[in-house]
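Residue-level structural notes
Listed here are the chains, written in short residue letters.
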Amino acid sequence: MTQAPTPTADTVRRLVRSLLKESATGTSGPDVRPVAEGGEHSTWWVGTRHVLRLAPDREAALRQRRELRLRDLVRPHLPVAVPASVAHGEWAPGLTYTLDVAIPGGTAEEHDVSAVGEADLAGLLTGLREVPVRQAETLGVPRTPPRSLEALRRMAVAAAERLAAVDEFDAARLHQLTPPGAAQLAAQPGAAVLAHHALKGEHLVVSADGRVRGVLDWTDAAVGDPAEDIAGLALAVGSGAAVRAATLAGYGARPCLRGLWLARCDTVIRLTDRLEGHGDSPLRLLRTQLRRAWETILLERVTELREDTEDDDEL
C-alpha cells in the first residue's frame, strides 16, 4: 500500500496560490498556518478569510466529498451558518481538499454560549430534525444504530473505579445510573434524525457575545440517535445548556436524559483511557468535558418518562 503524502506548509501554499489569484502577488506566497499545533495537520488557515481542509487518506476523501453535498442539503434548514466552499478538488491522487470561507468568531472552547446562543443551538437541533432523512441517505450519509447505554454504563463503572484510585473522580456518582435506569433510557423506535455526530466545542463557531454563528465539520454526520448530538452539546457547552437547548427544540425528558448519560459515561471512559496512555487528547480538555457533562440539572429528578415518538423512521 502506498503511503499517503504528508501536507506541509509549502504544499498548502502552492495549492492556495493556484486557487486564489490574488495570492500570486508577493514573493512569499499566501500566509498559511495550521489550525491546531502539534502533530500532522490537515486543516490550515489561509490568511484571515479562508480555511483549507485536506483529506489525509482515501476514507477521509470519501467523507469530504459527501460532506460537500450534505452541507448544501442542510443549509436551508439551519439558523446558523454552514461552511461554503469556494474551491474543491484533489491535492494528491485520490485525496481531496476543500477551501472554505471562514465563519467569523471563536469556538465554544473560547467563548461561553449565552442564553440567546442556547436558542441558536435549539434552532440547530430543530433544523437537523427537519432535514429529510431519505435525502441524506441518498447522498451516502450512513445510518448508525443507537449505542447500548447499559453496555456503556458498565464500561464507565469500571473506568470510574480506576479514576477514583487516582483521585480524579468520585465513582459513586455513577451509581445514579442503574441498570433499570439505563434500560428506561434506551433509544426509542421512530427517533432517527440526521445527527451532526461531532458537536464538539471546536466545531461550534461562537461570537464574543455568546451567539452561535456556525457549525463546522460535517464529515461524521449520520442518520441515527438524536441523543448523540445532545451528548455532544453537553461536552461542548455543559449539561444545563445542552438540555435547555434540546428542550427548546422539542425534545422530551427521555432523549435529554439519554444524551446526558451518554456524555457522562463517555467522559469517564475517555479520561481513564488518556490517563492510562491511550490517545492524545489534551488532559485539560478531557477534564473540562468531564466537569461540563457532570453538571447537576433538575431534569435528573424525573422518574417517569413518557413514550416519545418524534419521527417516522426507526433507529
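Residues numbered from 1 in each chain as written. Predicted model: local features only at pLDDT ≥ 70, side-chain atom pairs only at ≥ 80, totals over all residues. Heavy atoms only, no water.

What to know about the packing of aromatic side chains
So the rule is basically this: Stacked, edge-to-face and tilted are the three classes for Phe, Tyr and Trp ring pairs, Trp counted by its six-membered ring, which pair at centre distances within 6.5 Å; planes under 30 degrees apart are stacked, over 60 edge-to-face, the rest tilted. Counting from the N terminus, the helices are DSSP H or I runs at least four residues long and the strands are E runs at least two residues long. Accessible area is worked out with a 1.4 Å probe on protein chains only. A residue is then buried under 20% of its type maximum, exposed over 50%, and partly exposed in between. Criterion for a charge above a ring: Arg CZ or Lys NZ at most 6 Å from the ring centre, at most 35 degrees from the ring normal.
Tallied over the entire structure, the rule returns two aromatic pairs. Ring geometry for Trp261 and Trp294: centres 5.5 Å apart, planes at 90 degrees, overall edge-to-face. Of this pair, Trp261 sits in helix α9 (residues 253–275) while Trp294 sits in the segment after α10 (283–293), and the two are 33 residues apart along the sequence. The burial state of Trp261 is the same as that of Trp294; both residues are buried. Joined through ring pairs, the aromatic side chains of Phe169, Trp261 and Trp294 make up one cluster. Positioned above the aromatic ring of Tyr251 is the side chain of Arg129, whose terminal nitrogen or guanidinium carbon lies 4.2 Å from the ring centre. Sitting over the ring of Trp261, Arg264 keeps its end group 4.8 Å from the ring centre.

Let's talk about the side chain of Arg66
Short version of the rule: In this count, Lys and Arg are taken as positive residues and Asp and Glu as negative ones, while His and the chain termini are left out. Each reported salt bridge corresponds to a side-chain nitrogen of Lys or Arg within 4 Å of a carboxyl oxygen of Asp or Glu. In what follows, a contact means two residues having at least one pair of non-hydrogen atoms within 4.5 Å.
Mapped onto the elements, Arg66 comes out in helix α2 (residues 58–74). Buried and without a salt bridge, Arg66 has Glu59 as its closest oppositely charged side chain, separated by 5.8 Å. In contact with Arg66, not counting residues within four places along its chain, are Leu139, Gly140, Val141, Pro142, Thr219 and Ala221.

Overview of the nonpolar core
Within soluble globular proteins, side chains that are nonpolar generally end up buried alongside one another. Rules: The set of buried Ala, Val, Leu, Ile, Met, Phe, Trp, Tyr and Cys residues whose side-chain atoms join them within 4.5 Å is what this entry labels a nonpolar core.
Core analysis: the largest hydrophobic core is formed by 71 residues, its most contacted members being Leu121, Leu124, Leu194, Leu204, Trp218, Val237 and Val268. Top contributing element to this core by residue count: α9, with 10 residues.

So, the sheet that holds strand β9 (residues 212–215)
Operational definition: In this scheme, strands are said to pair when DSSP sees at least two bridges between them.
Taken together, the three strands give an open sheet; going across it, the order is β6-β8-β9, and neighbouring strands pair in antiparallel fashion. Single-partner strands in this sheet number two, and they are β6 (106–107) and β9. Of the pairings in the sheet, the one linking β6 to strand β8 (residues 204–206) comprises two bridges and is antiparallel in character. By the bridge assignment for β8, Thr107 is matched with Val205.

By themselves, these are just geometric observations and shouldn't be taken as functional.
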